[in-house]
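Listed here are the chains, written in short residue letters.
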Amino acid sequence: MTTTESIDRTVYAHEHAPRLPLAEHLPEFYRAMIRLETAAAKDIDPTLYHLIKLRASQINRCAFCIDMHSKDALAEGESVERIVQLAAWEESRHFYTERELAAFALTEAVTVLTDGFVPDEVYARAAEHFDETELARVIAAIVTINAWNRIGVTTRMTPGHYTPKSAS
């Protein structure tokens, strides 16, 4: 070995095993979740959909979904910069459209439910940027990813192994 060569001796933490393969134990439920996902994704802007799913997953700390939706967004052409800044979207507003910002605020309100409800001003802001059908799609996207996040964090789905369909 020459002096310019180095040996990578990085030792990463042990990868945890999933707790429960939910799809194997409840295939009918899992297929229903897939149908719910398909219905929620229908006719919604894919860029917005990926960002909603990623933001909710960040809030819920679902590592599997963060991995999946980051990769999906990148595969669909989203910029690394917008994905990285999403965790701090309120301070990084200039990376997003007003419509996206309204969707992020609604995503956070529905995901966290701090006050036990979605504040009127958050809902009204979203309603200014989306017609009723579009708003229903945004709400469906938020609800669906929150359900997936609960599955992911409870069953401890392991991140890092997902490959987007469009990147295969």
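Higher on the page you've got the structure.
Residues numbered from 1 in each chain as written. Predicted model: local features only at pLDDT ≥ 70, side-chain atom pairs only at ≥ 80, totals over all residues. Heavy atoms only, no water.

K.L.:
Provide a residue-level description of the nonpolar core, including the pertinent values.
P.N.:
One finds Ile52, Leu86, Trp89, Phe104, Leu106 and Val138 to be the most contacted residues of the largest nonpolar core, which totals 25 residues. Those elements that place two or more of their residues in this core are α3 (46–60), α6 (98–112), α7 (120–129) and α8 (132–155). Looking at this core, the element that brings in the most residues is α6, giving 6 residues. The contact partners of Trp89, leaving out residues within four places of it in the chain, are Arg55, Tyr96, Leu101, Phe104, Ala105 and Glu108. Formed by 10 residues, the second largest nonpolar core is a distinct cluster that contains Ala56, Cys65, Met68 and Trp148. (Core = buried A, V, L, I, M, F, W, Y, C linked by side-chain atoms within 4.5 Å. Buried < 20%, exposed > 50% of the residue type's maximum accessible area, 1.4 Å probe, protein only. Helix = DSSP H or I, 4+ residues; strand = E, 2+ residues; numbered from the N terminus. Contact = heavy atoms within 4.5 Å.)

K.L.:
Pulling in residues and values, what's your account of the packing of helix α2 (residues 27–41) against α8?
P.N.:
Two numbers describe how α2 lies on α8: the axes approach to 9 Å, and their chain directions differ by 150°. Taken together, the axes of α2 and α8 are roughly antiparallel relative to one another. As for the relative orientation of α2 and α8, their crossing is left-handed in sense. Across the interface between the two elements, Phe29, Tyr30, Met33, Ile34, Leu36, Glu37 and Ala40 of α2 pack against Arg137, Ala140, Ala141, Thr144, Ala147, Trp148 and Ile151 of α8. Taken together, the residues of the contact of α2 with α8 break down into 11 nonpolar, 1 polar and 2 charged. (Axes fitted to C-alpha atoms, helices over the stretch in contact; angles between N-to-C directions. Parallel < 35°, antiparallel > 145°, perpendicular 65-115°, else oblique. Left-handed = near helix turned anticlockwise from the far one by under 90°. Nonpolar A, V, L, I, M, F, W, Y, C, P; charged D, E, K, R; others polar.)

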